[in-house]
Amino acid sequence: MSEITFVTGNANKLKEVIAILASENGKVGKYTITNKSLDLDEVQGSIEEISIHKAKEAAKIIGGPVLVEDTCLGYDAFNNLPGPYIKWFVKAVGLTGLVDMLYKFEDKGAKAICTFGYCEGPGHEVKLFQGITQGNIVDSRGPTHFGWDSIFEPVGFNQTYAELDKDIKNTISHRFKALDKVRDYLLNN
Ligand SMILES: O=c1[nH]c(=O)c2ncn([C@@H]3O[C@H](COP(=O)(O)OP(=O)(O)OP(=O)(O)O)[C@@H](O)[C@H]3O)c2[nH]1
Ligand SMILES: [Mg+2]
């Protein structure tokens, strides 16, 4: 039995990862998923570079197998920015600012991108697993306690992530799609 530590400083992410990946007593195949709340350094760079760096740093701190995740929200009209910097945009301009900055653009399309990084331990390579959900940026609707959930309406739905039942979000989200690949990998390795 091997243990993998999911390292994140975000309680909402953790809830979703547990619900999607490890609902049955924290186990995925031969692995037990535990967690540690840590704020990891985030370098500037591509989505992939950020997740690789986070995973390597987490493996060093934990000294064993780790899973980390980085989430981006990229506007189609902005060539995928704010992307990995969405957290700082939420803090700086709020949800209203994030909606208003698209006012001159007809295209309200956006991609929610989730990239998990798995590292077996210090010095090991990092494996990446990505999931993308396409949506539109809309005026805030629903609870606002998780990032930009209330301004992202996934394609094919007329509710925002925040309005959707958690059970629904967790079967269509960027995080679900990425975790599906993580699960596949863990069940076969
Ligand atoms: O509405 C949302 N629905 C989601 O499904 C979702 N997933 C992440 N986020 C937010 O997007 C930023 C990512 O930054 P991020 O990946 O660096 O996360 P973080 O710094 O909070 O945690 P971590 O890096 O310690 O894991 C942060 O502001 C998160 O709150 C979401 N917002
Ligand atoms: Mg972060």
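Structure shown above.
Residues numbered from 1 in each chain as written. Chains lettered and ligands numbered in written order. Predicted model: local features only at pLDDT ≥ 70, side-chain atom pairs only at ≥ 80, totals over all residues. Heavy atoms only, no water.

Caption draft 1: Just the overall build of the protein chain, in detail. When helices and strands are tallied, the protein chain shows 5 helices and 8 strands. Going residue by residue from the N terminus, the α and β elements of the protein chain occur as β-α-β-β-α-β-β-α-β-β-β-α-α. For 189 residues, the compact-globule estimate of 2.2 N^0.38 gives 16 Å, and the protein chain sits close to it at 16 Å. Across its three principal directions, the C-alpha atoms of the protein chain cover 50 × 35 × 25 Å. Within the protein chain, contacts between residues at least 6 apart in sequence are counted, and of these 60% link residues at least 24 apart. (Helix = DSSP H or I, 4+ residues; strand = E, 2+ residues; numbered from the N terminus. Rg over C-alpha atoms; globule rule 2.2 N^0.38 Å. Contact = heavy atoms within 4.5 Å.)

Caption draft 2: Here's a closer look at the pairing of strand E7 (residues 126-137). With 11 bridges joining them, strand E6 (residues 109-119) and E7 adopt antiparallel strand pairing. Each residue of the ladder has a partner; that of Ala112, found in E7, is Thr133. Count of turn residues in the E6/E7 antiparallel hairpin: 6 residues, of which Gly123 carries a positive phi of about 90°. With 3 bridges joining them, E7 and strand E8 (residues 152-154) adopt antiparallel strand pairing. Considered in E8, the bridge of Gly135 is made with Pro154. (Pairing = 2+ DSSP bridges.)

Caption draft 3: Layout of the site of ligand 1. The environment of ligand 1 is made up of 19 residues, and the closest members are Thr8, Gly9, Lys54, Lys87 and Asp149. At a separation of 2.3 Å, an oxygen atom of ligand 1 approaches a polar backbone atom of Asp149. Only strand E4 (66-75), helix H3 (86-100) and helix H5 (174-187) provide two or more residues apiece to the shell around ligand 1. Here the shell around ligand 1 gets 3 residues from one element, more than from any other, and that element is E4. By residue class, the composition of the shell around ligand 1 is 3 nonpolar, 6 polar and 10 charged. (Near = heavy atom within 4 Å. Polar contact = N/O pair within 3.5 Å; in protein donor to acceptor, adjacent residues only side chain to side chain. Nonpolar A, V, L, I, M, F, W, Y, C, P; charged D, E, K, R; others polar.)

Caption draft 4: A look at the nonpolar core. Judged by nonpolar contacts, the single largest core of 20 residues is most densely connected at Leu21, Ile33, Leu67, Phe116 and Leu186. Every element with two or more residues in this core is listed here: strand E1 (2-8), helix H1 (11-21), strand E3 (31-37), E6 and H5. The residues touching Leu186, leaving out its near neighbours within four places in the chain, are Ile4, Val28, Tyr31 and Ile33. Counting 16 residues, the second-largest nonpolar core is a separate cluster that includes Tyr75, Ala110, Ala112 and Leu164. (Core = buried A, V, L, I, M, F, W, Y, C linked by side-chain atoms within 4.5 Å. Buried < 20%, exposed > 50% of the residue type's maximum accessible area, 1.4 Å probe, protein only.)

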